[in-house]
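Below are the chains, spelled out letter by letter.
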Amino acid sequence: TLSSAALALTVTGASTIGAGITVTSTSGTLTFTGAVTNAGSIGSVSGNKLFSSTLDNTGGTLNVGSGYTTTTQAIVALGTVNGGTGTLVIMKNFTTGGTFNANAGTVTFAGTAQNVPHGYTYYNLAIRPSSATAVTTTGALPLGGGLYVAVSRTFNLEGNNLTVTGATTNIGTTTSTSGNLTLGTVTNSGNIGSGTGVILFTALTNSAGTVNLPGNSTSTGSVALNGGTLKLNSHLLSVGGGWTNGGGTFTPVTGTVRFYGAGTRNIGGEGTFYNVTFNNTGLATLTGNVTSTGTFAVGTGGKLAVSTYRYAASGATYTNLGLITIATGGKIVHALTSSLLTDSTGAHITTNTNPGLVFVKIADADGNLNGLVADTITARVTNDAASGADTESMTLVETGVATGIFMNTTFFPLVASGSITHDNGQFEISAAGIGSMYYSNVYDTSDTGSDTVTITLTGTSPSGGTSTGGGGGGGGIPSTVTTYQSAASDVDRPKNLANLATQGVNIHALVKLADDGKISTQEDSAVYYIGADGKRHAFPNSKVFFTWYADFSGVTVVTASQLASIPLGKNVIYKPGSRMVKFLSLNDTYVVTSGGTLRWVKTEAVATALYGTNWNTMIDDIDDTFFGSYKIGDPINAASDIDLAGIKVSATTVSNALGL
């Protein structure tokens, strides 16, 4: 053993260290100016080593220790190199074929036009070439520690993968043509990118330069844009942490940012996304205004707290299957879908007549804040009749979980009255006029909608007509208004519909009595349809039923008292356009159309044109006792006289077919 201890040892000629021989120091510097052939051991505890000529380490061991070991010329044979905690500086190519134990040390490539050999697991790797020439690699590189790329220097992985377990500090350029870059926690002020590979971060802080994502990529932690540019292109970036933009440029193009994971995180700073998906089960809280111009989606179990900021979901698609909360002063903004006055089925109407019912239907996705339950909102509707305006506040309930469509479940009658009282649960009119709906989104006052109907007053105009009570505008989510146009003669309609609510029975429901187990009784076999007039309408037989429904699975059993409380209406007719019919005592064959109107098919040729060559199998016989359920219309002389397809499409409900 030759130990220089804390002193310097300089050898200007060639050195040969035989097997079993050790040249070492504790903290001194070992300098070998000439060529070194080592079959023994060279090393130091904390001192430095400099090899100014070639190093042939065949059969030998080089211990880096905690200091610097620099090789300015080629390492002919690697032998065994133990990294220690210090730094091994390579000025020429690092040879392969031996054993490299990285330990916790750093390998610095500081020459020109170098290759980083694969087959070793490096710990820390530093790319500091003496000129701007690229340092490349010949295969996949796993790093147990971190990566450092110096300013104006390039580390090119070509088509190989790079895995960095620790932190990556990139001041220069880290790139590949098709390799996957797994970079750990990244601090970037240079350029990072890959032609077609995937980039994976533990976290990303971009303070300058450009990160160009070549494909679907992931940051398991947070993304901080403090400067520079992050280019998403058309790819998916999955983010397991938060997102802050403190002055950087985010270029999403048509790409998607997806937040995921159970941890809480903040989404802050002014920023514009294209597509955003919140699949995070841990709460994501806005700490700044955010805009997405493409798709906005909160996935199942996702949580977003808008807080006091503004989230503008300005794209066409808004989906929420999770939970969105908004604090006072906060806003979530999405354009109104529709705002219409309709009948009870949702079809647009332009007229309404007392006695009738007023329904409000609001179609606006951002009213859906809780994708797990049916949300409620409040609408304000005004009847601008000639003698005064009646204004009512209406609570609207989402038609289902996450539908974004809202309707009132409490019936608001439209009635003639000599006086008008606001907010009394009914709309009063004293003269014919215009019924109007105006709605303003409580979170975005520029998001409004309106619609009108012409109101006809039936009977004698009531006397008097003073307006009492408060009026006022409303708030909430933009909406569609639904009113029901009732028959003037059906004065009991509001009462009938109110009764349905009391009995827990809905319009369009199918009901029957429970089977009493007796063959001698038939009452328990009858099935009724609950119409928009609040009455029950019997199906004459199963043939009529099966033109409307595929099976009896939708039938609800009610008690005898419930059934008796619902008044009887007219019988259900065949679904318009479904089949042809004839009465037993008549020879004529008819097509059933809306309102129960029968139109005679005059010739076999017309029947063939309408129902095909097997038209005669499309005829049902009707007992003469049901003649009163129908009325006779104009005959069909040619197939062009009737729009059979349109009749079938328009027959959406039994109520429509009966003209209720």
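Residues numbered from 1 in each chain as written. Predicted model: local features only at pLDDT ≥ 70, side-chain atom pairs only at ≥ 80, totals over all residues. Heavy atoms only, no water.

1. Focus on the overall build of the protein chain
Our working rule: Counting from the N terminus, the helices are the DSSP runs of H or I reaching at least four residues and the strands are the DSSP runs of E reaching at least two. Atoms considered for the radius of gyration are the C-alpha atoms alone. The globule rule reads 2.2 Å times the number of residues to the power 0.38. Only protein chains enter the accessibility calculation, which uses a 1.4 Å probe; a residue is then buried when its area is under 20% of its type maximum, exposed when over 50%, and partly exposed in between. Contact criterion: two residues are considered in contact whenever any of their non-hydrogen atoms come within 4.5 Å of each other. The Shrake-Rupley method, run with a 1.4 Å probe sphere, supplies the accessible areas, and residue values consider only the shown protein chains as cover. His residues and chain termini do not enter the charge count, which takes Lys and Arg as positive and Asp and Glu as negative. Lysine's charge is taken at NZ, arginine's at CZ, aspartate's at CG and glutamate's at CD.
On a plain count of helices and strands, the protein chain comes out with six helices and 71 strands. By the compact-globule yardstick of 26 Å for 660 residues, the protein chain is too spread out, its C-alpha radius of gyration being 41 Å. The 660 residues of the protein chain split such that 49% are buried. Counted over contacts in the protein chain with a minimum sequence separation of 6, partners at least 24 positions apart contribute 36%. Surface accessibility of the protein chain: about 26400 Å² in total, with carbon and sulfur atoms responsible for 53%. Of note, the protein chain has its 27 positive side-chain charges centred 11 Å away from the centre of its 33 negative side-chain charges.

2. Concerning the confidence of the model for the protein chain
Put simply, the rule is: For every residue, the predictor states its confidence as a pLDDT score lying anywhere from 0 to 100.
The pLDDT averaged across the protein chain works out to 84; a share of 91% of its residues lies at or above 70. Segment residues 460–490 is flagged for pLDDT under 50; beyond a separation of four residues in sequence, or across chains, it makes 133 contacts in the model.

3. What to know about the pairing of strand β63 (residues 510–513)
Filter applied, for reference: Paired strands, in this sense, are two strands between which DSSP finds at least two bridges.
Residues Leu-510 and Lys-512 of β63 are buried on one face, and the alternating residues Val-511 and Leu-513, pointing to the opposite face, are buried as well. Where β63 lies against strand β66 (residues 555–558), four bridges are found, and the strand directions are parallel. Bridge pairing in β66 places Leu-510 opposite Val-555.

4. Observations regarding the sheet that holds strand β12 (residues 75–77)
The strands making up a sheet associate through backbone hydrogen bonding, with each pair oriented either parallel or antiparallel. The four strands are arranged β3-β6-β9-β12 in an open sheet whose pairing can be described as parallel. Where the open sheet ends on each side, the last strands, each with one partner, are β3 (15–17) and β12. Both β3 and strand β6 (residues 36–38) contribute to a ladder of three bridges, which runs parallel. Bridge pairing in β6 places Ser-15 opposite Val-36.

5. Some words on the nonpolar core
Filter applied, for reference: Remark: nonpolar core denotes a set of buried residues (Ala, Val, Leu, Ile, Met, Phe, Trp, Tyr, Cys) joined through side-chain atoms within 4.5 Å.
One finds Tyr-122, Leu-125, Phe-155 and Trp-243 to be the most contacted residues of the largest nonpolar core, which totals 71 residues. For Trp-243, the residues in contact, after removing those within four places along its chain, are Val-223, Leu-225, Leu-230, Leu-237, Phe-250, Val-257, Phe-259, Asn-266, Ile-267, Gly-268 and Phe-273. Counting residues in hydrophobic clusters, the runner-up holds 40 residues, among them Tyr-528, Phe-539, Val-544 and Val-581.

6. A few points about the pattern of salt bridges
For clarity, the threshold we go by: By salt bridge we mean one thing: a side-chain nitrogen of Lys or Arg within 4 Å of a carboxyl oxygen of Asp or Glu.
Overall, the coordinates contain one salt bridge when judged by the stated rule. With a shortest N-O distance of 3.2 Å, Arg-579 and Asp-620 are connected by a salt bridge. Here Asp-620 lies in strand β70 (residues 619–622) and Arg-579 lies in the loop between α3 (560–565) and β67 (580–583), a separation of 41 residues in the sequence. Owing to a relative accessible area of 8%, Asp-620 belongs among the buried residues under this scheme.

7. Let's talk about the sheet that holds β67
Taken in spatial order, the five strands of this open sheet run β70-β67-β68-β69-β71, and their pairing is mixed. Of all the strands in the sheet, just β70 and β71 (631–632) have a single pairing partner and so form its edges. Here four bridges tie β67 to β70, and the two strands are oriented parallel to one another. Looking at β70, one finds that Val-581 is bridged to Asp-620.

8. Observations regarding unusual backbone geometry
At Ser-307, a residue that is not glycine, the phi angle is positive and equals roughly 60 degrees. With respect to the helices and strands, the residue Ser-307 is situated in strand β45 (residues 303–307). In this model, Ala-402 sits at a positive phi of 65 degrees, which is unusual for a non-glycine residue. Here Ala-402 is to be found in the loop between β54 (388–398) and β55 (405–408). For Ala-402, a relative accessible area of 23% puts it in the partly exposed group.

9. Quick word on the side chain of Asn-370
Rules: Here a polar contact is taken to be a pair of N or O atoms separated by no more than 3.5 Å, where protein atoms must pair a possible hydrogen donor with a possible acceptor and residues adjacent in sequence count only if both atoms sit in side chains.
Relative to the assigned elements, Asn-370 resides in the loop between β52 (356–363) and β53 (376–385). In terms of polar contacts, Asn-370 uses its side chain to reach the backbone amide nitrogen of Leu-372, at 2.9 Å.

10. Brief notes about the side chain of Arg-153
Mapped onto the secondary structure, Arg-153 falls in the loop between β21 (147–149) and β22 (154–156). Those residues in contact with Arg-153, other than ones at most four positions away along the chain, are Ile-127, Pro-129, Ser-130, Ser-131, Ala-132, Gly-172 and Thr-173.

11. A closer look at a nonpolar patch on the surface
This is how it is decided: Without a salt bridge and with relative accessible area above 30%, a residue can belong to a patch; like charges are then joined within 9 Å and nonpolar side chains (Val, Leu, Ile, Met, Phe, Trp, Tyr) within 5 Å.
A surface patch of nonpolar side chains, amounting to about 250 Å² of accessible area, comprises Leu-586, Phe-627 and Ile-632. With respect to the helices and strands, Leu-586 occurs in the loop between β67 and β68 (590–593). A relative accessible area of 32% places Leu-586 in the partly exposed class.

12. Describing the environment of Asn-124
Structurally, Asn-124 is set in strand β18 (residues 124–127). Sequence spacing of Asn-124 and Gly-144 is 20 residues, and the spatial spacing of their C-alpha atoms is 7.0 Å. If near-sequence neighbours (up to four positions away) are discounted, Asn-124 is found in contact with Ala-104, Gly-105, Thr-106, Val-107, Gly-145 and Gly-146. Here Gly-146 takes part through its backbone nitrogen, which lies 2.7 Å from a polar atom of the side chain of Asn-124.

13. Description of the packing of aromatic side chains
Short version of the rule: Any Phe, Tyr or Trp ring, taking Trp's six-membered ring, that has another such ring centre within 6.5 Å forms a pair; planes under 30 degrees apart are called stacked, those over 60 apart edge-to-face, and the others tilted.
Applying the stated criterion to the full structure yields 23 aromatic pairs. Taken together, the ring pairs in this structure connect Trp-243, Phe-250, Phe-259, Phe-273, Phe-278, Phe-296, Tyr-311 and Tyr-318 into an aromatic cluster.

14. Considering the environment of Gly-241
Among the structural elements, Gly-241 can be located in the loop between β35 (236–239) and β36 (243–245). When its relative accessible area of 10% is taken as the criterion, Gly-241 is described as buried. Between the alpha carbons of Gly-241 and Val-527 there is a distance of 57 Å; along the sequence they are 286 residues apart. The residues contacting Gly-241, other than those within four sequence positions of it, are Ser-219, Thr-220, Gly-221, Ser-222, Phe-259 and Arg-265.

15. Describing the environment of Glu-604
Tracing the backbone through its elements, the reader meets Glu-604 in helix α4 (residues 604–611). For Glu-604, a relative accessible area of 54% corresponds to the exposed category. Residues Glu-604 and Thr-229, spaced 375 residues apart in sequence, show a C-alpha to C-alpha distance of 74 Å.

16. Observations regarding α4
Rules: Here the arc refers to the set of directions running from the helix axis out to each C-beta atom.
Among the residues of α4, those classed as buried are Val-606, Ala-607, Leu-610 and Tyr-611. Buried residues of α4 fall within an arc of 105 degrees about the axis and therefore sit on the same side. Turned more than 90 degrees away from the buried face of α4, the exposed residues are Glu-604, Ala-605 and Ala-609. Residues of α4 that are buried sit in contact with β67, β68 and α5 (644–650). One or two positions beyond α4, positive phi appears at Gly-612, with a value near 90 degrees.

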